[in-house]
Amino acid sequence: MKRTKHECGLDRCFLCKTCLKEWLPALDAHRQTYQVKKGEQIFKEGERVTGVYFVYEGNVKVHKKWGPDKELIIRFAKKGAIIGHRGLGTNLYYPVSGTALENGIVCYIPIDVFEGTLKVNHELTYELMMFFADELQESERKMRNLAHMPVKGRIAQALFSLKDKFGFTIDGFIDIELTRQDLASYAGATYETVFRVINELVAEGIIVTMGKSIKILDPEKLAVLVSDSELLPEGSNKKKQLQ
């Protein structure tokens, strides 16, 4: 990553929005900003924890190794979001990696400064605790879906999750461009399966694609794929056929 002197208004992420105003000069004195290029790793799974990051511009994927040559995308982070926080605690190494999906800027806070900030900013600590709780629930749901939900339902759920996080462009497309491989890694599927399912959804008139962009045309039919998948009993023949 390339160090930059990019100015921050100290009002764009939940760190600056929730900490005490009197504490902002301390953050400004210790923060560092970096330019990141598309595909560049911001921090790497297994590296020693040095700090946390906040996304100033661009989108980032947070991912983990899944098998010898695959990855599982845990979440996506957009402008203002925290990344690298999974390295907090007694674990001295990042359990996940963070990679830029596009050119952007991240703000880096050294771990000792961030931990000191948490001790004196109660609202920030509370917001972070709630964020961890939401992340835990989402991780548990994702693990349950990987174990029990057919892949078509997982892909449908992934599209809804992306829509909820990023919203729509003026043309109605989900406001993030993902490769089919990244969508596969997010849904816990193979590239070939995602390619086939996306083509099926297009043929059924449920979605339309334009390059890497996806528009949901029929959210009701897409929701049926999710709800039907959740209702399938564990180990059922129908479920096995859909996988």
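Before reading further, recall that the structure is shown in the block above.
Everything in this summary refers to the structure shown in the same document. The model shown is predicted, which means the values in this text are computed figures rather than measured ones. (Residues numbered from 1 in each chain as written. Predicted model: local features only at pLDDT ≥ 70, side-chain atom pairs only at ≥ 80, totals over all residues. Heavy atoms only, no water.)

## A few points about the environment of Glu40
For Glu40, the position within the fold is in the loop between strand S2 (32-36) and strand S3 (41-43). On a C-alpha basis, the gap between Glu40 and Glu138 in space is 26 Å, while along the polypeptide they are 98 residues apart. Engagement of the side chain of Glu40 in a polar contact is seen with the backbone nitrogen of Lys37, the distance being 2.8 Å. (Helix = DSSP H or I, 4+ residues; strand = E, 2+ residues; numbered from the N terminus. Polar contact = N/O pair within 3.5 Å; in protein donor to acceptor, adjacent residues only side chain to side chain.)

## Description of empty space enclosed by the protein
Under the definition given, this model contains three cavities of 30 Å³ or more. Lys142, Asn145, Arg154, Tyr186 and Ala187 are the residues nearest the centre of the largest cavity, which is lined by 14 residues in total. At the level of elements, helix H4 (122-148), helix H5 (151-166) and helix H6 (180-187) are the ones that each hand at least two residues to the lining of the largest cavity. Ranked by residue count, the leading element in the lining of the largest cavity is H4, at five residues. (1 Å grid on protein atoms, 1.4 Å probe; cavity = no way out; pocket = protein on both sides within 12 Å on 5 of 7 lines; lining within 4 Å. Points joined across faces, edges and corners; volume = space filled by probe spheres on them.)

## Focus: the side chain of Ser185
In this fold, Ser185 is placed in helix H6. Apart from the residues within four sequence positions on either side, Ser185 is in contact with Glu71, Leu72 and Ile73. (Contact = heavy atoms within 4.5 Å.)

## So, the packing of H5 against helix H7 (residues 191-203)
Packed helices, taken two at a time, are described by the angle their axes make and the gap between the axes. Taken N-terminus to C-terminus, the directions of H5 and H7 make an angle of 75°; their axes are 10 Å apart at the nearest point. Judged by the angle between their axes, H5 and H7 are roughly perpendicular. In this structure, H5 uses Val151, Lys152, Ile155 and Leu159 to contact H7, whose residues at the interface are Thr193, Val194, Val197, Ile198, Glu200 and Leu201. A per-class count over the contact of H5 with H7 returns seven nonpolar, one polar and two charged. (Axes fitted to C-alpha atoms, helices over the stretch in contact; angles between N-to-C directions. Parallel < 35°, antiparallel > 145°, perpendicular 65-115°, else oblique. Nonpolar A, V, L, I, M, F, W, Y, C, P; charged D, E, K, R; others polar.)

## Digging into the pattern of salt bridges
Counting across every chain of the model gives 10 salt bridges. Note that Lys64 is salt-bridged to Glu45, the shortest N-O span being 3.4 Å. Of the two residues, Lys64 sits in strand S5 (residues 60-65) while Glu45 sits in the loop between S3 and strand S4 (51-57), which places them 19 residues apart along the sequence. Notably, a salt bridge pairs Glu135 with Arg75, separated by 3.2 Å at the nearest N-O pair. Here the residue Glu135 occupies a position in helix H4, and Arg75 occupies one in strand S6 (residues 71-77), the gap between them amounting to 60 residues. (Salt bridge = Lys/Arg side-chain N within 4 Å of Asp/Glu carboxyl O.)

## Points about the packing of aromatic side chains
Think of a pair of aromatic rings as described by two things: how far the centres are apart, and how the planes are tilted against each other in angle. Counted under the stated rule, the structure contains eight aromatic pairs. Between the aromatic rings of Phe54 and Phe114, the centroid separation amounts to 6.3 Å while the plane-to-plane angle is 55°, which identifies the pairing as tilted. One end of the pair, Phe54, is in strand S4; the other, Phe114, is in helix H3 (residues 111-120), and 60 residues separate them in sequence. Residue Phe54 is classed as buried on the basis of its relative accessible area of 2%. (Phe/Tyr/Trp six-rings, centres within 6.5 Å; stacked < 30°, edge-to-face > 60°. Buried < 20%, exposed > 50% of the residue type's maximum accessible area, 1.4 Å probe, protein only.)

## Looking at a nonpolar patch on the surface
On the surface, Tyr126, Met129 and Met130 cluster together into a nonpolar patch covering about 300 Å² of accessible area. Looking at where Met130 falls in the secondary structure, it is placed in helix H4. (Patch = residues over 30% accessible without salt bridge, like charges linked within 9 Å, V, L, I, M, F, W, Y side chains within 5 Å. Areas by Shrake-Rupley, 256 points an atom, 1.4 Å probe, with all protein chains shown as cover.)

## A closer look at the sheet that holds strand S8 (residues 97-100)
Overall, antiparallel pairing links the four strands, which are arranged S3-S8-S5-S6 in an open sheet. Single-partner strands in this sheet number two, and they are S3 and S6. Taking the axes of each pair of neighbouring strands and ignoring which way they run, one obtains an average angle of 35° across the sheet. Bridge count between S3 and S8: two bridges; the pairing is antiparallel. Bridging from a neighbouring strand, Phe43 pairs with Gly98 of S8. Those strands touched by H6 are S5 and S6, and its axis lies near 95° from that of S6. (Pairing = 2+ DSSP bridges.)

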